[in-house]
Amino acid sequence: MITNANGSIYNPQDVYNVLRTKAKNDLRYNTYFDILLNTLLEMFVYEGLPDTIPQRFLELYLHTYGNVFISKINGDIYATGGTLSGEIDAYGLGTDAIAVCPIGQAQGKRDIDIVYAINNDTASPDMLVYWIAHLLQENDNSLEHNIIYSRLLNIPVVRDEKEKAAFDELIDTLIKGDLKAFASKNLLADELENGIQVISLSDTDKVDKLQYLSRFADDILKKFYNFYGQPINSQNKSAQSISDELHGMDSVSFIIPIQMLKCREKMCEDINRIFGLNVSVKFSTTWALEYNALMLRDTNGNGTADTKELDTEQEPEQEPEQEPEQEPEQEPEQEPEQEPEQEPEQEPEQEPEQEPEQEPEQEPENDLELEIMSKLATALDTTIEELTELVKGGDDDA
């Protein structure tokens, strides 16, 4: 429930229900515009601003007009709209400034008496908010029409007003879910006998197209947030992406936010210089998390970033302390002591001891072989002598 300026209470839903189609489209557009603009209004956080400059008004001027004028009006410092005037400098900018608000105005030299701050290097408003809001509103219109024309709805064809009234009553009963009997004499007789003639203005097969319109809405939002440092890395089920591909837009998406931050830092420097304040600006928590993760990925050359990687920032400090202490102490002490002691002791002891011990042990085995071979040779000589005698005996007999 909302109370208007006259003090009366009304329900916004009741107002929406009586709006015409064009008014509903305008309402949808304005709703999306506010959502997107509110997103940008949360990009930065200020410290040290005077109470007369609420952050939301300061950022509203920058995002919607592309510039803001900060000056003293009636003794207090305000952020207002304004214009440049007077003689132009080498870049075509007026050297005088006029700041205007509902309670008064101020005139003075630009960047001397009055701070002239810009939203980005082109001093332009964020027109992407208007464009994306329009696309989202048009996509919603397509969704609504697709939903309506995908309904299973047959429209009866009647011959006169009486039949129309009868069918209207039947349809109302069907919509409400009430079970009622319908009695009529001769009315709808032909329809009951021959069937009801209907026409269909809908196509139920088109209901599957709703998923593409819903996905298109996601792509529209992705386009917006990718420009302003909140990269949305989504992928279809049919596509698999590696980590580097998922974070490929991260650095590009921060081009505009970093430029906007620099313009606001310049504004804070001018405010502090002209009005003697101590104003500062930085990324809000949401943007700072994305920015720090981007810097961490660039530093580590890694496609991922989490709290574990944040802890690794301490490793370069620990490694140089541990390695020089452990390596020089252990290596020179252990290696020089072990190498000269073990190598000379083991090699002379093992080689002379093993070689003479093993050779005498194998010599008896060689003597046995020599003895066997000697006996075989003796037996062979004996056999040869016997054969020779036998041959000689045969010759003598002959």
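Parameters at a glance
Residues numbered from 1 in each chain as written. Predicted model: local features only at pLDDT ≥ 70, side-chain atom pairs only at ≥ 80, totals over all residues. Heavy atoms only, no water. Core = buried A, V, L, I, M, F, W, Y, C linked by side-chain atoms within 4.5 Å. Buried < 20%, exposed > 50% of the residue type's maximum accessible area, 1.4 Å probe, protein only. Helix = DSSP H or I, 4+ residues; strand = E, 2+ residues; numbered from the N terminus. Contact = heavy atoms within 4.5 Å. Axes fitted to C-alpha atoms, helices over the stretch in contact; angles between N-to-C directions. Parallel < 35°, antiparallel > 145°, perpendicular 65-115°, else oblique. Left-handed = near helix turned anticlockwise from the far one by under 90°. Nonpolar A, V, L, I, M, F, W, Y, C, P; charged D, E, K, R; others polar. Lys, Arg positive; Asp, Glu negative; His and termini not counted. Salt bridge = Lys/Arg side-chain N within 4 Å of Asp/Glu carboxyl O.

1. Focus on the nonpolar core
- In this structure, M43, F44, Y46, L58, I70, F224 and M267 are the most contacted members of the largest nonpolar core, which totals 39 residues.
- Looking at this core, the element that brings in the most residues is helix α10 (residues 255-275), giving 6 residues.
- Leaving out residues up to four positions away in the same chain, Y46 has contacts with Q55, L58, E59, L62, R264, M267, C268, V279, S280 and V281.

2. With respect to the environment of L58
- With respect to the helices and strands, the residue L58 is situated in helix α3 (residues 55-65).
- Separated by 20 residues in sequence, L58 and Y78 have C-alpha atoms that sit 9.0 Å apart.

3. Concerning the environment of D270
- Along the chain, D270 falls in helix α10.
- Owing to a relative accessible area of 5%, D270 belongs among the buried residues under this scheme.
- Setting aside anything within four residues of it in sequence, one finds D270 in contact with D111 and V115.

4. Topic: the packing of α3 against α10
- Their axes nearest at 13 Å, the elements α3 and α10 cross at an angle of 125 degrees. Relative to α10, the element α3 lies oblique. Remark: the crossing between α3 and α10 carries right-handed chirality. Where α3 abuts α10, its residues L58, E59, L62 and H63 lie against M260, R264 and M267.
- Looking at the contact of α3 with α10 residue by residue, the class counts come to 4 nonpolar, 1 polar and 2 charged.

5. Structural notes on the side chain of K24
- Topologically, K24 is positioned in helix α2 (residues 21-41).
- It turns out K24 is buried and unbridged, and the closest side chain with the opposite charge, E144, is 5.7 Å from it.
- With near-sequence residues (within four places) excluded, K24 lies in contact with Y16, N17 and L19.

6. Considerations on the side chain of N67
- Tracing the backbone shows N67 in strand β4 (residues 67-73).
- If we skip the residues at most four places from it in the chain, N67 touches Y61, L62, Y116, A117 and I118.

7. Overview of the pattern of salt bridges
- One pass over the structure, following the stated rule, counts 9 salt bridges.
- The salt bridge involving R264 is made with E59; its shortest N-O contact spans 3.0 Å. In this pair, R264 sits in helix α10 while E59 sits in helix α3, placing the two residues 205 residues apart along the sequence. Per residue, the accessibility class of R264 equals that of E59, and both read buried.
- K266 is the partner of D270 in a salt bridge, and the nearest nitrogen-oxygen pair spans 2.7 Å.

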